[in-house]
Amino acid sequence: MIHQSMKVLLLLSAMAHAGDAFPNTEASVNETSTDITAGGIKENICSSDDNKLTDEVLFVRASSASVLQWFSYIEKQKGISISFNQAIDMEKNCTVRQSATMSVAQLLEIILKDYRYSITEMPGRKIAIRIDAKREFSVNGTIADESTSEKLYGAIIMASDTDGRKIYSTSDENGNYRLNLTEGEYTIEISYMGYEKFSTALHLYSRKRLDMNLKPALFEVDEVTVRSIRNEAELTEITPSGMLSFNGNDLFSQIWILPGVTGTPTGNNFMVDGGSYDENIILLDGVPVFHPGHVNALLPQFNGDVIKNIVFHKGFFPTRLEGGLSSVTEFNLKDGNKKRHTRTFSIDMPAASLTLEGPIIKNKLSYLVSVRRSWMDFFDELLSEENRLNHYSFDYTAKLSYYMSGTSSVKLFAYNTFDEYRLPLYTEEAIPIVKWNNQIYKVTYNGLWGKLGNTTSAYYSSHMSRANADALGFSSDTDNGFSDDMGQDDGWDEGWNEDWSNENYQNEMYKKEELISGNNEISSGIKTINFNTEFTYSPENIYSTRWGFKYSHEVYEMTAFGDNIRKQNETINQYWLYYDNNVRITDKVSMRVGVHFVAYNPVNFRNYYSIQPRFALNFTPGKNNLIYLNFSKMEQFYHYISFNGFALPTDFRMPSINGFKPRSSEHYEIGWKRNFDSDRGKLETSAYYKTRRNIVALKPDAIVENDNWNNYIMVGNGDSYGIKMFLYYMYRRWTMQLSYTYSRSREWFDEYKSLGKVPSLYDMPHYGAGALSYKISKSSSLSLGCITKSGRIKTSDNWFESDKDLGFRQTRGEFNYRIDIGYTFKKDFGDKLLLLRCGLYNLLGNPPEEDIVDFYSVHLSENCLPYGSISFKF
C-alpha cells in the first residue's frame, strides 16, 4: 500500500474507476539524487545485485490515466512497492500513445516527463522516487522589425508549455522583453499589430537570449478601424485596459471608433469621457507638446511617416504618466532604418513630405530626417480673395539612434513646427497675422542589465503663439510694441539667457514688463527644461516594479493687455517622484498599484503638493473573460480657455498661480471583456464615474477686455459618468466594429449657485460609432464608417444681442451624424512600397458647426470633404 498522507483516499477514488487493475502494495519514502540530462534521466540506482528493478519489462496498452493509477499498475504487474515525495501531482493525467512492451524505467520516464527526478532501489523490491524542484531560467531579448531593425514597443510574447499553460510578456519602449520560465519545452509566439505572427520552439535548460524579428504585413490598419493586439494577453496579464496601440499614417482618425472619444479626424481638438480639450496630453517621444495642432485643421499633428506607433491611455493611467485629466496619447518616433537607406515621399491635400532614413553604421547608428510643408498656399495668387487659404505650415523631425549593444542605446532627436496665418491687413499684400511655433530637443540613454533597466533623458521644449496687435483690436498708434529681437523665437535667445543667469531673476521675473515697439506683435508661450530618470526591475513573472524621478524648470510668458500691452513672465519648478508595482496574485487575479507624487513650486506664488494613487485589478473567471476595476487620480497644473476656437496669445493661459488652483480628478471604472473564440474579436462594456475639481469657465456675461481674469473667469467643480460598449468582430474578409457611449458631464459654480448643476460645454449624452471594412484583395480594402452624436451645448457671444436668448448652457445643437467612405491600396514591389488612400468625409450627414468652420474649408456640396494621399517608399 502506498502509505503517504491523503494518498489512501486518492487511491480508493482511483480504484473506484479502475476496478481491480491496481492492487494495494506497501512502500516507504527514501531520498537520493542523480544527474539529469535534457530529455530524460540519468539514473543512480543503489542495488545489491546486477538485476535492476527498473530494467524489468511489462506490457502497456495505449491508454490515459493519472500518475497514481500508473504507479498502482506498476506495483500490481511487477510486485514493486513505490514511494515518493510530495512534489508529484498524483492526479495529473499521463498518456501512453502506443501499446508496447517497455521497461519500468521507460514507463516512469513517460509518467514523469515534466519532472527532474532520481530513483533509488531498496531491499524488498522497493523503489524510491525523489522529485527535484525544476530550475528556473530567464529568457530575454528584443523584438524588432525584420527589414529595418526598428525596435517594436508593445509586442505580445506568449510562451506555451506542453500542458497548454501560457505565460505572457510585452516588449518595452526599447523592444526589450523578459520571461522567467521553468526548464522544459515551450512554443514562443509573437503578436504585433501590422506584422505577421511569429512562432518558434524553445528548448529551455539554461539561461537564454532570444532576439526575434517580425515581418511587416502588407496591411497595417484599415482606414477607419482599430484592432487591439492584446485580446488574449490582456485577460492574463496586467495591461492598462484603456491602452491601445496603432500604426499607420492616419493617426487620430483610427481612434474615433473607441467609445467616449470624439473630435475632428486629425485630432487637433478632441474630448474624452466628458472632459475638455485641454485635459488631453500629447507626448512626442515622451515630451509634452503644448497646443500641437495646426492652422489648417486638415493637417495631422505629426508626420505619420516618422511615427512608429501610437499608444492611447484613458480611464486608467500608468503611474509614470501625469498632467492630463482625460487622456494621454504617446506618439513614438521611429529610430531610422538600421539596414538600408530608404526614402518616403508622401503628398495629400494639406501637405507634402519627404522622409530619409538609413544606417550610418549598419545595425549600430541610424538617422531619420523628415520635412513636411503645406503646398496649396502656393496657388493663393491664382485664386480670388475669398478662396485663398492664406496660411502655411512647415515642420521637420530629425533623430539619431546609436545602439552600443542589444540592450543599451543613446538617442538624439529634434522637432520644430511653424504655422503662419496671413491677411492683407494694411496693404493688398498679405502679412502675418498669427504665428505658432513648437520646438523640442532631447537626448535619451537606455540601458538594461539583467533584471534592471534604466532610461535617463533631458530635453528642452518651447511653445510660442504670436499675433498682430492691430488684428486683435489693439491700436498701432500706441508706443507699446515688441522689440525687434522678439520677432523670431530661436529657442534660447540672448534675452532668455540673461534672464536665466541673472541672480535676481527669481525675485524680478513675475513683475517684469516689457514695452512693445517695432513690429507690433504680442505673444505668449511656455519654455521648459526637463531632466528625468526611470528604473525598472523584473525579478520574476509574477512581479515587476518601476520607479522614477523628474525635474522641470518652466517659464510661462503671458500677455497682459488692457490700457497698454505688456508681458508677464512666471517661473515654476516641478519635481515628480513615482513608484509602480505589477503583481500577479494568483493565476486568475493580478493587480497594478502605484503612486505619483508632484511638488509644484512657483517662484512667486504658493506651492502645491499632490499625491496621485493608481490602482488596477484584473480577475479572469474563465478562459475568455476578464473583469477589471480601475482607479486613477490625476492632477493638472495648467488652465487654458480659447475664446473663439482659434489659439491666440490673448487666450486664457494660466498655470496654477494667482488663485487658480490645480485641476484634479478621480476616475473610477469597472468593466467586463469577452474574447470570441478563434480570435474573431471581442466585446467590452464598462461604467465609469469621474470627479472634476477646480475647473475654470467663462462667466455667463463676460466680455473680455483686459487680463483682469478674476472679472471674467469663474472656478467650480464638476463630474461626469457614463456607460460604454465596444464590439469588434471579424468574419472572413469582413471586419466590423461598433461602439456606443451614454454619458453626462456636469459643472457647478459657487459664484452662480442659483444655476445649480449645468451641462458642461463637453456634455454629449449619446455618442455612437461604427465601422465596416471589406478586404477586396491582398492589396486593397474598402471601408465605411459612421458617427452619430448629440448636439453640443451652445454658448452665447455676448457681443451680439441675437445670442442673448440662448441663456447659460440651456440650449443644445441639433443631433449630428456623419457617414464616411474610404479606399486603401497598398502594394509592394520588392523593396519599394506604394500606398494610396482616398475617400469622402461626410458623404452624408450634418456635421457640427465647429467642424464646418475648422475642418471643412475645402468641400463639395453639403460639406462633403474629399481626401486623398499617396505615399511611395523607395
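The structure displayed is predicted, hence computed values, not measured ones.

Scoring rules and cut-offs
Residues numbered from 1 in each chain as written. Predicted model: local features only at pLDDT ≥ 70, side-chain atom pairs only at ≥ 80, totals over all residues. Heavy atoms only, no water. Helix = DSSP H or I, 4+ residues; strand = E, 2+ residues; numbered from the N terminus. Buried < 20%, exposed > 50% of the residue type's maximum accessible area, 1.4 Å probe, protein only. Contact = heavy atoms within 4.5 Å. Axes fitted to C-alpha atoms, helices over the stretch in contact; angles between N-to-C directions. Parallel < 35°, antiparallel > 145°, perpendicular 65-115°, else oblique. Nonpolar A, V, L, I, M, F, W, Y, C, P; charged D, E, K, R; others polar. Pairing = 2+ DSSP bridges. Expected span 1.5 Å × (residues − 1). Core = buried A, V, L, I, M, F, W, Y, C linked by side-chain atoms within 4.5 Å. Arc of directions from axis to C-beta. Patch = residues over 30% accessible without salt bridge, like charges linked within 9 Å, V, L, I, M, F, W, Y side chains within 5 Å. Areas by Shrake-Rupley, 256 points an atom, 1.4 Å probe, with all protein chains shown as cover. Salt bridge = Lys/Arg side-chain N within 4 Å of Asp/Glu carboxyl O. pLDDT = per-residue confidence, 0-100. Phe/Tyr/Trp six-rings, centres within 6.5 Å; stacked < 30°, edge-to-face > 60°. Lys NZ or Arg CZ within 6 Å of the ring centre and 35° of its normal. Polar contact = N/O pair within 3.5 Å; in protein donor to acceptor, adjacent residues only side chain to side chain.

Asks: How do you make sense of the overall build of the chain when you look at a structure like this?
Replies: In terms of helices and strands, the chain carries 6 helices and 49 strands. The buried share of the chain, reckoned over its 874 residues, is 55%. Excluding contacts between residues fewer than 6 apart, the proportion of contacts in the chain whose partners are at least 24 apart in sequence is 65%.

Asks: Would you explain the packing of helix 2 (residues 67-78) against helix 3 (residues 104-111) in this entry?
Replies: To describe two helices that pack against each other, one gives the angle between their axes and the distance between the axes. Two numbers describe how helix 2 lies on helix 3: the axes approach to 11 Å, and their chain directions differ by 170 degrees. Overall, the two elements helix 2 and helix 3 adopt an arrangement that is roughly antiparallel. The residues of helix 3 that touch helix 2, namely those facing Val67, Trp70, Phe71, Ile74 and Lys78, are Val104, Leu107, Leu108 and Ile111. In the contact of helix 2 with helix 3, the residues fall into 8 nonpolar, no polar and 1 charged.

Asks: Just checking my understanding: could you explain the pairing of strand 48 (residues 832-845) for this structure?
Replies: Here strand 47 (residues 816-829) runs beside strand 48; their pairing, made up of 11 bridges, is antiparallel. For Phe829, the partnering residue across the bridge sits in strand 48 and is Lys832. In this structure, strand 48 lies alongside strand 49 (residues 865-873), joined through 9 bridges in antiparallel fashion. When the bridges of strand 49 are listed, Leu836 appears paired with Ile870.

Asks: Hey, could you run me through the sheet that holds strand 8 (residues 116-122) in this one?
Replies: Either a parallel or an antiparallel arrangement is found when strands of a sheet pair, and the pairing is made through backbone hydrogen bonds. The 3 strands lie next to each other as 5-9-8, forming an open sheet whose pairing is mixed. Unpaired on one side and paired on the other, strand 5 (81-84) and strand 8 mark the two borders of the sheet. Between one strand axis and the next, the sheet turns through 20 degrees on average, direction left out of account. Bridge count for strand 8 against strand 9 (residues 126-132) is 7 bridges, and the pairing is antiparallel. Residue pairing in the sheet places Met122 in a bridge with Lys126 of strand 9. Helix 2 rests against strand 5 and strand 9 of the sheet, and its axis sits at about 150 degrees to strand 5.

Asks: What exactly am I supposed to notice about helix 2 here?
Replies: Note on helix geometry: an α-helix contains 3.6 residues per turn, so any two residues three or four positions apart are oriented the same way. The terminal C-alpha atoms of helix 2, which comprises 12 residues, lie 17 Å apart, in line with the 16 Å expected from a rise of 1.5 Å per residue. Of all 12 residues making up helix 2, 9 are buried, and the element is well covered by its neighbours.

Asks: Just checking my understanding: could you explain the nonpolar core for this structure?
Replies: Considering soluble globular proteins, one finds that nonpolar side chains tend to be buried as a cluster. Core analysis: the largest hydrophobic core is formed by 33 residues, its most contacted members being Val261, Leu284, Phe302 and Ile307. Where this core is concerned, the elements lending two or more residues are strand 20 (270-272), strand 21 (280-284), strand 23 (307-314), strand 24 (327-333), strand 29 (408-423), strand 42 (713-731) and strand 45 (766-775). Filtering out sequence-adjacent residues up to four positions away, Val261 remains in contact with Ile255, Trp256, Phe270, Met271, Val272, Phe312, Lys314 and Tyr767. Formed by 32 residues, the second largest nonpolar core is a distinct cluster that contains Ile522, Tyr600, Ala647 and Phe660.

Asks: Sorry if this is basic, but what is going on with the sheet that holds strand 14 (residues 184-191) here?
Replies: Strand order in the open sheet made by the 4 strands is 12-11-14-15, with antiparallel pairing throughout. Of all the strands in the sheet, the pair left with one neighbour each is strand 12 (166-170) and strand 15 (198-204). Taking each pair of neighbouring strands and ignoring which way they run, the sheet shows an average axis angle of 25 degrees. The pairing of strand 11 (residues 156-161) with strand 14 spans 6 bridges and is classified as antiparallel. Bridged to Asp161 within strand 14 is Tyr186.

Asks: I'm lost on helix 3 in this one. Help?
Replies: Looking only at helix 3, the buried set comprises Val104, Ala105, Leu107, Leu108 and Ile111. The arc that holds every buried residue of helix 3, seen down its axis, measures 160 degrees, which confines them to one face. Of the surrounding elements, those touching the buried residues of helix 3 are strand 3 (57-60), helix 2, strand 6 (93-96), strand 7 (100-103), strand 8 and strand 9.

Asks: Would you take a moment to explain the pairing of strand 41 (residues 681-698) for this structure?
Replies: Residues in a regular strand project their side chains so that they alternate between the two faces of the sheet. Sheet analysis places strand 40 (residues 663-675) next to strand 41, joined by 12 bridges and oriented antiparallel. If you follow Arg674 over to strand 41, its bridge partner there is Leu683. Hairpin geometry of strand 40 and strand 41 is characterised by an intervening segment of 5 residues between the two adjacent antiparallel strands and by a positive phi of about 60 degrees at Ser678. Alignment of strand 41 against strand 42, held across 16 bridges, turns out to be antiparallel. Pairing of Tyr688 across the sheet is with Gly722, part of strand 42.

Asks: In this structure, what is going on with a nonpolar patch on the surface? I would like to understand it.
Replies: Together, Phe531, Tyr537, Trp547, Phe549, Tyr575, Leu577, Tyr579, Val595, Phe597, Tyr609 and Ile611 make up a nonpolar patch on the protein surface, roughly 1,000 Å² of accessible area in all. Among the secondary structure elements, those contributing two or more residues to the nonpolar patch are strand 32 (521-540), strand 33 (543-560), strand 34 (566-584), strand 35 (589-602) and strand 36 (608-622). With 3 residues, the single largest contributor to the nonpolar patch is strand 34. With respect to the helices, strands and loops of the structure, Tyr609 is situated in strand 36.

Asks: What exactly am I supposed to notice about the confidence of the model for the chain here?
Replies: Detailed reading of the predicted coordinates is not advisable wherever pLDDT is low. Mean pLDDT over the chain: 79, with 80% of residues reaching 70 or higher. Mean pLDDT across the elements of the chain bottoms out in strand 1 (residues 35-37) (32) and peaks in strand 27 (residues 365-374) (95). pLDDT under 50 marks residues 798-803. Its contacts with residues more than four places away, or in other chains, come to 8 contacts.

Asks: I'm lost on the pattern of salt bridges in this one. Help?
Replies: Once their charged atoms are close, side chains differing in charge can pair, the charge on each being opposite to the other. Here the structure, examined in full by the defined rule, presents 31 salt bridges. One salt bridge connects Glu56 with Arg125, and the closest N-O pair in it is separated by 2.9 Å. Here Glu56, found in the loop between strand 2 (40-42) and strand 3, pairs with Arg125, found in the loop between strand 8 and strand 9; they are 69 residues apart in sequence, far enough to count as distant. Residue class for Glu56 comes out partly exposed when judged on its relative accessible area of 23%. By relative accessible area, which is 34% here, Arg125 ends up partly exposed. The residue Glu669 makes a salt bridge to Lys724 at a minimum N-O spacing of 3.5 Å. Of this pair, Glu669 sits in strand 40 while Lys724 sits in strand 42, and the two are 55 residues apart along the sequence.

Asks: Explain the packing of aromatic side chains to me, please; I cannot follow it from the model alone.
Replies: Each pair of aromatic rings is reported with the distance of its centres and the angle of its planes. On inspection of all chains with the given rule, the structure shows 20 aromatic pairs. When the centroid spacing of 5.7 Å and the interplanar angle of 65 degrees are considered together, the rings of Phe302 and Tyr415 count as edge-to-face. Taken together, the residues Phe302 in the loop between strand 22 (287-288) and strand 23 and Tyr415 in strand 29 connect sequence positions 113 residues apart. In this pair, the class of Phe302 matches that of Tyr415, namely buried. Through successive ring pairs, a cluster of aromatic residues spans Phe290, Tyr556 and Tyr638. Lying over the aromatic face of Trp576, Lys550 brings its terminal NZ or CZ to 4.9 Å of the ring centre. Note that Lys757 overlies the ring of Trp748, its terminal NZ or CZ placed 4.5 Å from the centroid.

Asks: Honestly, the environment of Asn309 in this entry has me stumped. Any pointers?
Replies: Within the secondary structure, Asn309 sits in strand 23. Note: C-alpha distance between Asn309 and Phe331 (22 residues apart in sequence) is 6.3 Å. Only 3.2 Å separates the side chain of Asn309 from the backbone oxygen of Tyr153, close enough to count as a polar contact. Within polar-contact distance, the side chain of Asn309 engages the side chain of Asn332 at 2.8 Å.

Asks: Explanation requested: unusual backbone geometry in the structure shown.
Replies: What is expected of a backbone is that most residues other than glycine have negative phi and most peptide bonds are trans. In this structure, Ser149 is a non-glycine residue whose phi angle is positive, near 65 degrees. Tracing the sequence through the fold places Ser149 in the loop between strand 10 (136-145) and strand 11. Within the chain, His291 stands out as a residue other than glycine whose phi angle is a positive 50 degrees. Within the fold, His291 resides in the loop between strand 22 and strand 23.

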